[in-house]
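As a plain string of letters, each chain reads:
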Amino acid sequence: MKLPEAEPIIIVEHLRAEFGDNLIFRDVSFQVRRGEIFVILGGSGCGKTTLLKHLVGLYRPTAGRVLVNGVDVVAQDPVEMEQVRRGTGMLFQAGALFGSMTLAENIALPLQQYTNLPGPLIDLIVRMKLSLVNLNGFENHLPEEISGGMKKRAGLARAMALDPAILFFDEPSAGLDPVSAVELDLLIKWLNAALGTTMVIVTHELQSIYLIADRIIMLDKDAKGIIAEGDPRVLRDTATDPKVASFFNRQPVGAEYQRLAQKLQIRLTTVAAPLEGSTGGG
Amino acid sequence: MTSDQTHSAPFQIHLETGEDGSRRVVLQGAIALQGLEAVTAQLQAVAQAPCGGHTSLDLSGLEYVDSAGALAILKLAEAIKAQGRTCSIDHASPNVQGLLNLIDLQALVQPSLVGTGRRQDVISQIGEGFLAFLRDASKVIIFLGEIIIDLVTLCFRPGMVRWRDVLLYMRRAGVEGLPIVSLIALLLGLIIAFMSSLQLRQFGANIFVASLLAIAMVRELGPIMTAILVAGRSGSAFAAEIGTMKVNEEVDALTVMGLNPMHFLTLPKVIASLIVVPLLTMYANLLGIIGGLIVGVTLLDLTVYSYIQETRNILTVFDFVSSFIKTVVFAFLIAAIGCQRGFQVRGGAAAVGEATTSAVVAAIFMIIVVDSIFAIVLTYYPR
């Protein structure tokens, strides 16, 4: 399914985001290929979620453009945007299920809005989607009656209701126990393989990145842009940028490393040598 | 699967019947959510067509299938098998086969864990409703009692309330409510003076417009109008704020930090209302009387002096004191009910909306009830 040189389905060109005077990132350009699992990662506060919201057209950038399936999301042409929205799904951090509707009604909503299928057929599709995320039997539950992990899976079922070509995930494993998190990761990987859906995932869970990611970009707060791009397993072993290396090896970096090491009166060994070399001044 | 749906050929179906009665159903083009209804109708026709032998579904010509389409194919195979005939799915490309494997037909017929029917007959609904009302009333009374106890404790320990919050809510409920209260009170004064003058003028009793309006505003309309406005503006805001904090677990956070949510959230709002609502009411009374004055001077040929003199003569200290006590009670009820409804929120956004509505409705209801009680008591009170 994943050809190395598959055509790009999302193209981001020179994207710049600011809130007021606060510059989040500038000149971010990358491409997501059809059918791959693409991970956007970085430390807290580097603008991962902001970037994701730009990709789905929730925020409008200060400069640059985003092409999803050939449509300029920034231009927000109403007819084209409806096409884009039908072809994409998004799983929000807490699932974002509508609290007043049952799970079945949540999933049926896009089907009722975008298609004119008869009720029984929609019912059948809803049950199939729920069974895909292993929630068979939970049609009539309300979101408040199920656990956080189940909410995320139900949110995923709703995001997949229209069989979108692209699925966006905002921190899918945040707030889940390790077992539920890895189950969700495997579900994502399985759906990607079976449905060929392009997945764009924002996360900073290292284990889940190694498990599912085909390619990553790494954003950084200080660089205000991309500092690494490629296969995470390769980056772990070859990265020279101290920030990238420390992220993939779970080490604090720079001044923060110095401070912690001093406080704890220990030497954090593994990447200590290259780090100290590069941050000697700080 | 191999290409985009939009570039695929439209769906077509071919039937080839063999000599032995077996048949081959060739599906071509795209089977997707878009236009699935027409496709399922055609597939149903195939399933119901008489056939002597084996049915083979040939998927080699399929260009695009999504999961809904795969479901339709599996349903067709199932329908044929249900008639006691054999059916096979052949020549599926690896992608399509992967999609078919994805779907678990067993799971689709599994019964739901909870039923949809959570409805009851009318009698139980009435009973439940009444019991809910009683429970609710007792909760409100307990809550009001707690606030009163806290207010008394506050007299001995003024430090237990964040006075900066009190100032904040005084601004929100009082200062920011001033424009709308002034406008409504002024218009109310104008209207009442104008309408009553139409009647009183016939008897040459123009001057009594002043006394009528003064008594109506100070005793009834000023307190009631202000209370209803504050209930709509601030009671609802209190309920929404605390309700959202409850949903976000902020109330739990306060409890865990050892801060009493009652002291932290409720008391500042109640104290602010207790200070601000009587002030707003006095202001409303004044503007109502000014409204009457405008009508009196412009339309009824009264002088400013005679109008004010008449107003001063008719109003007693007792009127002001009883009005003041009434507004203090209203203020307490509005803020307390708003907070209580906020704390009751369970669940999500919809529950916050319900709490807000219920805060306003319950507050207005209580305002009217209390006002009636005051009206009766004050009438028979020996002066």
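None of the values given here were measured: they were computed from a predicted structure. (Residues numbered from 1 in each chain as written. Chains lettered and ligands numbered in written order. Predicted model: local features only at pLDDT ≥ 70, side-chain atom pairs only at ≥ 80, totals over all residues. Heavy atoms only, no water.)

Caption draft 1: Local environment of the interface of chain A and chain B. Facing the 34 residues of chain A at the interface are 30 residues of chain B. Between chain A and chain B the total buried area reaches about 2,600 Å² when both faces are included, carbon and sulfur atoms providing 61% of it. Our enumeration of links across chain A and chain B arrives at zero salt bridges. Looking at the side of chain A that touches chain B element by element, the count peaks at eight residues for helix α4 (residues 119-132) of chain A. Classifying every residue of the side of chain A that touches chain B by side-chain character gives 17 nonpolar, nine polar and eight charged. (Contact = heavy atoms within 4.5 Å. Buried area = accessible area lost by both parts, 1.4 Å probe. Salt bridge = Lys/Arg side-chain N within 4 Å of Asp/Glu carboxyl O. Helix = DSSP H or I, 4+ residues; strand = E, 2+ residues; numbered from the N terminus. Nonpolar A, V, L, I, M, F, W, Y, C, P; charged D, E, K, R; others polar.)

Caption draft 2: Representation of the domain arrangement of chain B within the structure. Assigned domains within chain B: domain 1 (2-109) and domain 2 (135-380). Placing a centre on the C-alpha atoms of domain 1 of chain B and another on those of domain 2 of chain B gives a separation of 69 Å. (Domains from an automatic or database assignment.)

Caption draft 3: Spatial organisation of the pairing of strand β2 (residues 22-33) of chain A. Examined bridge by bridge, strand β1 (residues 8-19) of chain A and β2 of chain A share eight bridges and lie antiparallel to one another. For A17 of chain A, the partnering residue across the bridge sits in β2 of chain A and is F25 of chain A. (Pairing = 2+ DSSP bridges.)

Caption draft 4: Quick peek at the sheet that holds strand β5 (residues 71-72) of chain A. Residues and elements named next belong to chain A. Sheet architecture is open: four strands sit in the order β2-β1-β4-β5, paired in antiparallel fashion. Of all the strands in the sheet, just β2 and β5 have a single pairing partner and so form its edges. For strand β4 (residues 63-68) and β5, the ladder comprises two bridges, and the chain directions are antiparallel. Of the residues in β5, the one forming a bridge with L67 is D72. Of the strands in this sheet, β1, β2 and β4 are in contact with helix α1 (residues 48-55), which crosses β2 at around 60°. (Axes fitted to C-alpha atoms, helices over the stretch in contact; angles between N-to-C directions.)

Caption draft 5: Structural detail: the pattern of salt bridges. One pass over the full model with this rule turns up 19 salt bridges over all chains. We note a salt bridge from E18 of chain A to R16 of chain A, for which the minimum N-O separation is 3.5 Å. Among the residues examined, R16 of chain A registers a relative accessible area of 30% and is labelled partly exposed. Across the pair K269 of chain B and E241 of chain B runs a salt bridge, and its minimum N-O distance is 3.7 Å. Taken together, the positions of K269 of chain B in helix α10 (residues 261-299) and E241 of chain B in helix α8 (residues 208-247) put the pair 28 residues apart, joining distant regions of the chain. It is possible to trace a salt-bridge network through shared partners that takes in E36, R215 and E229 of chain A. (Buried < 20%, exposed > 50% of the residue type's maximum accessible area, 1.4 Å probe, protein only.)

Caption draft 6: View of the packing of aromatic side chains. Residues and elements named next belong to chain A. Enumeration according to the criterion identifies six aromatic pairs over all chains in this entry. On the basis of an interplanar angle of 90° and a centroid distance of 5.6 Å, the ring pair of F19 and Y59 is categorised as edge-to-face. Separated by 40 residues along the polypeptide, F19 in strand β1 and Y59 in the loop between α1 and β4 bring together distant segments of the chain. Among the residues examined, F19 registers a relative accessible area of 42% and is labelled partly exposed. Taking the relative accessible area as the measure of exposure, Y59 reaches 31% and is therefore partly exposed. Residues F247 and F248 carry aromatic rings whose centres are separated by 5.6 Å and whose planes lie at 80° to one another, so their mutual orientation is edge-to-face. Of the residues examined, F247 reaches a relative accessible area of 16% and is grouped as buried. Note on F248: relative accessible area 3%, which makes it buried. Pairwise contacts between aromatic rings join Y210, F247 and F248 into one cluster. Note that R158 overlies the ring of F98, its terminal NZ or CZ placed 4.6 Å from the centroid. Over the aromatic face of Y210 sits the side chain of R236, whose NZ or CZ is 4.5 Å from the ring centroid. (Phe/Tyr/Trp six-rings, centres within 6.5 Å; stacked < 30°, edge-to-face > 60°. Lys NZ or Arg CZ within 6 Å of the ring centre and 35° of its normal.)

Caption draft 7: Region of the structure containing the pairing of strand β6 (residues 88-91) of chain A. All names here are of chain A. The side-chain alternation of β6 yields two buried faces, one formed by T88 and M90 and the other by G89 and L91. Strand direction decides the pairing type here: β6 and strand β7 (residues 166-170), joined by four bridges, are parallel. Of the residues in β7, the one forming a bridge with M90 is F168.

Caption draft 8: How the structure looks around the sheet that holds strand β10 (residues 225-230) of chain A. Residue and element names in this part refer to chain A. An order of β6-β7-β8-β3-β9-β10 is seen for the six strands of this open sheet, with the pairing classed as mixed. The sheet terminates laterally at β6 and β10, the two strands that pair on one side only. In this sheet, neighbouring strand axes are inclined to one another by 15° on average, regardless of whether the strands run parallel or antiparallel. Sheet analysis places strand β3 (residues 37-42) next to strand β8 (residues 198-202), joined by four bridges and oriented parallel. Bridging from a neighbouring strand, I40 pairs with V202 of β8. Helix α6 (residues 178-195) contacts β3, β7 and β8 of the sheet and is inclined by roughly 155° relative to β8.

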